[in-house]
Amino acid sequence: MFFAVTTPRRRRCSPLLLCAAALIAMRDAPAFTFTDGTTTRCTARGGAVAEIAAPADHPVVVRGRIAITEPAGSGYRIIWNEAQLKTLPPEMHDFIFFHECAHALVPTPDELTANCVGLQIMRAAGRAGFAVEAKLAAFYGPGNEYWRRTVECANAAKERAKPPG
Ligand SMILES: [Zn+2]
């Protein structure tokens, strides 16, 4: 999912110490945890893409979506609906990270492009392959056109995207 939302009003940093603490907290923004317990970060154009847990009243939660990647400041951020993310099968749980990261990396609002590039990055990171992709295909359902086009696109790419982080 991708849609532009209004950037929240920037808080004033005062006193100075609180401002520094906020910057450190941002740098230590939680990374994404794969099903196997390892963590990663999405980086786009040299900067880490912030990952945030959506509060209960956030549109991503209200609409029952898994995540959105949206412009934030000079880059992007991923907002996770953690309750929904937890319900996904392991392969899909991990793939969705690459999908959301691809939105920021390309950058693109297009879902097929994000899926395609996400799969390329997942393969480059050594986390895809026949067994995993068979599970992803099963998740989308037999003969799913979106997944068929995703694989076709990922296979057609001459250059592989760099893995995040
Ligand atoms: Zn998306």
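Residues numbered from 1 in each chain as written. Predicted model: local features only at pLDDT ≥ 70, side-chain atom pairs only at ≥ 80, totals over all residues.

With respect to the overall build of the chain
The secondary structure content of the chain amounts to seven helices and seven strands. In the chain, the succession of α and β elements from N to C terminus is α-β-β-β-β-β-α-β-β-α-α-α-α-α. Every one of the 165 residues in the chain was classed for burial, and the buried ones make up 28%. Long-range contacts, defined here as pairs at least 24 residues apart, represent 58% of the contacts in the chain between residues at least 6 apart. (Helix = DSSP H or I, 4+ residues; strand = E, 2+ residues; numbered from the N terminus. Buried ≥ 20, exposed ≤ 12 C-beta atoms within 10 Å, placed from the backbone. Contact = placed C-beta atoms within 7 Å.)

Some details on the sheet that holds strand 7 (residues 75-80)
Taken in spatial order, the three strands make up an open sheet running 5-7-6, and their pairing is mixed. With one partner strand each, in any of the chains shown, strand 5 (50-53) and strand 6 (67-72) form the two edges of the open sheet. Sheet twist, expressed as the average angle between the axes of neighbouring strands with direction ignored, equals 25°. Here four bridges tie strand 5 to strand 7, and the two strands are oriented parallel to one another. (Pairing = 2+ DSSP bridges. Axes fitted to C-alpha atoms, helices over the stretch in contact; angles between N-to-C directions.)

Notes on the nonpolar core
In terms of nonpolar packing, the biggest core is built from 29 residues, with A67, I79, F98, C101 and A102 touching the most fellow members. Secondary structure elements with two or more residues in this core: strand 6, strand 7, helix 4 (90-105) and helix 5 (111-124). When residues in this core are grouped by element, the largest group, eight residues, is from helix 4. (Core = buried A, V, L, I, M, F, W, Y, C linked by C-beta atoms within 7 Å.)

Side note on the confidence of the model for the chain
Confidence along the chain averages 84 in pLDDT terms, with 77% of residues attaining 70 or more. By mean pLDDT, helix 1 (residues 16-27) is the weakest element of the chain at 46, and helix 6 (residues 130-140) is the strongest at 98. Under a pLDDT of 50 for its full length, residues 2-28 has, in the predicted model, 15 contacts with residues more than four places off or in other chains. (pLDDT = per-residue confidence, 0-100.)

Concerning unusual backbone geometry
The step from V106 to P107 runs through a cis peptide bond, and the omega angle for that step is -15°. Positionally, P107 belongs in the loop between helix 4 and helix 5.

A short note on the environment of G64
Within the secondary structure layout, G64 lies in the loop between helix 2 (59-62) and strand 6. For G64, a count of 9 C-beta atoms within 10 Å gives the class exposed. On a C-alpha basis, the gap between G64 and N81 in space is 7.9 Å, while along the polypeptide they are 17 residues apart.

A look at the packing of helix 4 against helix 6
Remark: helix 4 packs on helix 6, axes separated minimally by 9 Å, with the N-to-C direction vectors making an angle of 95°. As judged from the angle between their axes, helix 4 and helix 6 are roughly perpendicular. Each of E91, M92 and F95 in helix 4 lies in contact with helix 6, whose residues at this interface are V132, K135, L136 and F139. Residues belonging to the contact of helix 4 with helix 6 are distributed by class as follows: five nonpolar, no polar and two charged. (Parallel < 35°, antiparallel > 145°, perpendicular 65-115°, else oblique. Nonpolar A, V, L, I, M, F, W, Y, C, P; charged D, E, K, R; others polar.)

Topic: the pairing of strand 6
Bridge analysis of strand 6 against strand 7 gives six bridges, and the strand direction is antiparallel. The residue bridging T69 from the neighbouring strand is I78, located in strand 7. Count of turn residues in the strand 6/strand 7 antiparallel hairpin: two residues, of which G73 carries a positive phi of about 60°.

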